[in-house]
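What the coordinates show
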Amino acid sequence: MTGSRIVALGHYQPAKVLTNEDLAKLVDTSDEWITSRVGIRTRHMAGPDEPVDELAAHAGAKALASAGLTPADIDLVLVATSTAIDRSPNMAARVAARLGMGSPAVMDLNVVCSGFTHALATADHAVRAGSATRALVIGADKMTEIADWTDRSTCVLVGDGAGAAVVEATEQPAGEGFAGTHAGAIGPVLWGSVPEMGHAVRIEGTPPRFEQVGQTVYRWATTQLPPIARKVCERAGIAPEDLAGVVLHQANLRLIEPLAQRIGAVNAVIARDVVDSGNTSAASIPMAFSKLVERGEIRSGAPVLLFGFGGNLSYAGQVVRCP
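Residues numbered from 1 in each chain as written. Predicted model: local features only at pLDDT ≥ 70, side-chain atom pairs only at ≥ 80, totals over all residues. Heavy atoms only, no water.

**Some thoughts on the sheet that holds strand β11 (residues 245-248)**
- Strand order in the open sheet formed by five strands is β8-β14-β13-β11-β12, with mixed pairing between adjacent strands. The open sheet is flanked by β8 (190-193) and β12 (269-270), the only strands paired with a single partner.
- In this structure, β11 lies alongside strand β13 (residues 303-310), joined through four bridges in parallel fashion. Paired with G245 across the strands is V304, a residue of β13.
- In the packing of helix α7 (residues 214-236) onto the sheet, contacts are made with β8, β13 and β14 (314-321), and the angle to β13 comes to roughly 145°.
- The strands that helix α8 (residues 253-263) touches are β11, β12 and β13; relative to β11, the one it contacts most, it runs at about 135°. (Pairing = 2+ DSSP bridges. Helix = DSSP H or I, 4+ residues; strand = E, 2+ residues; numbered from the N terminus. Contact = heavy atoms within 4.5 Å. Axes fitted to C-alpha atoms, helices over the stretch in contact; angles between N-to-C directions.)

**Here's the deal with the sheet that holds strand β1 (residues 2-12)**
- If you trace the five strands from one edge of the open sheet to the other, you get β1-β7-β6-β4-β5, paired in mixed fashion. Because the sheet does not close on itself, it has two edges, and the strands there are β1 and β5 (105-109). On average, each strand axis in the sheet is inclined to that of its neighbour by 20°, with strand direction left out of account.
- Where strand β4 (residues 76-80) lies against β5, five bridges are found, and the strand directions are parallel. Paired with L78 across the bridge in β5 is M107.
- Across the sheet, helix α3 (residues 52-67) touches β1, β6 (134-142) and β7 (160-171), and the angle it forms with β1 is around 120°.

**Side note on the nonpolar core**
- Within the largest apolar cluster, 53 residues are counted, with the highest numbers of intra-cluster contacts made by L225, L243, L248, L305, F307, F309 and V319.
- Counting residues per element, the ones that place at least two in this core are α2 (31-37), α7, β11, α8, α9 (274-277), β13 and β14.
- Of all the elements, α7 adds the most residues to this core, at nine residues.
- Of all hydrophobic cores here, the second largest spans 31 residues; its members include A135, V167, I186 and V320. (Core = buried A, V, L, I, M, F, W, Y, C linked by side-chain atoms within 4.5 Å. Buried < 20%, exposed > 50% of the residue type's maximum accessible area, 1.4 Å probe, protein only.)

**Section: the packing of aromatic side chains**
- Taken as a whole, this structure holds one aromatic pair when the rule is applied.
- With 6.3 Å between their ring centres and 40° between their planes, F307 and F309 make a pair best called tilted. F309 matches F307 in its accessibility class, with the two residues each being buried. (Phe/Tyr/Trp six-rings, centres within 6.5 Å; stacked < 30°, edge-to-face > 60°.)

**Topic: the side chain of S277**
- Locating S277 in the fold gives a position in helix α9.
- Other than its neighbours up to four places away in sequence, S277 contacts Q13, T42, R43, H44, G159, M287 and K291.

**As for helix α10 (residues 284-294)**
- In terms of residue burial, α10 counts as a mostly covered element, since nine of its 11 residues are buried.
- Taken together, the buried positions of α10 are occupied by S284, I285, P286, M287, A288, F289, S290, K291 and L292.
- Just downstream of α10 lies G296, where phi reads positive at about 70°.

Below you can see the structure in the form of structure tokens.
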């Protein structure tokens, strides 16, 4: 049977760093207020001359280099983003052009904060179906461009960046199941949404602005998502206590920690990149995962839960083997 695996990861953040002290000069806030409520200390901010596709292309190039591949080796580009201002060319096409690719299929996915895990599942399905052999999957967002810098409850959260994964086809012996597969293997996805509550996270208007009902999102995430995340592990044949890593959407440290605890991942390394990067929406999971791998905090082949959630009150998760 044909399966898929993550060959390599990459990430990129703009050079400019915005501290809590910097934010205190813009709105009525303080370092103590921000860290006590959301756990964020710094975030990176792209300039007006750094569009989303540039962030995405840098992360994609790093992932390709790590995999020892060239742009010509990719036949599918998927970019998860909710901060694309233009309708066409889409982000995936712009990334493909920046990287000098041949003629890949190019698609954007807008599922906001769970965009990357949706895109990773889509790449996995395409590879398993035989419609792609190698995919470049990117989560990239420029959240500072859509922030309301007068609203201290949301502007303190956001940052910019991109993360990428190279996914390729591989042989998967029949009957072996995910538990016995090789490094990088991608387990089955569990995804869904609560569309009637989609108003809780919004990017609307002209110009678009990010707004959310924080308490609604927090209650939903900490009460409704733990059993769903445990079911993701069940589908992969992995017990939560056997996870080596957990990479949740980096929304808010005060949300990530109780959610990881309620999942039951007692022995896992928990990604806490939100402390340094803020909420980067679709970029948060691949960026945090790439950093953990780069630092050698999770061994190759170890099971890692990736779980995105947020806008649309959507979610998507899968267990992957660390590349």
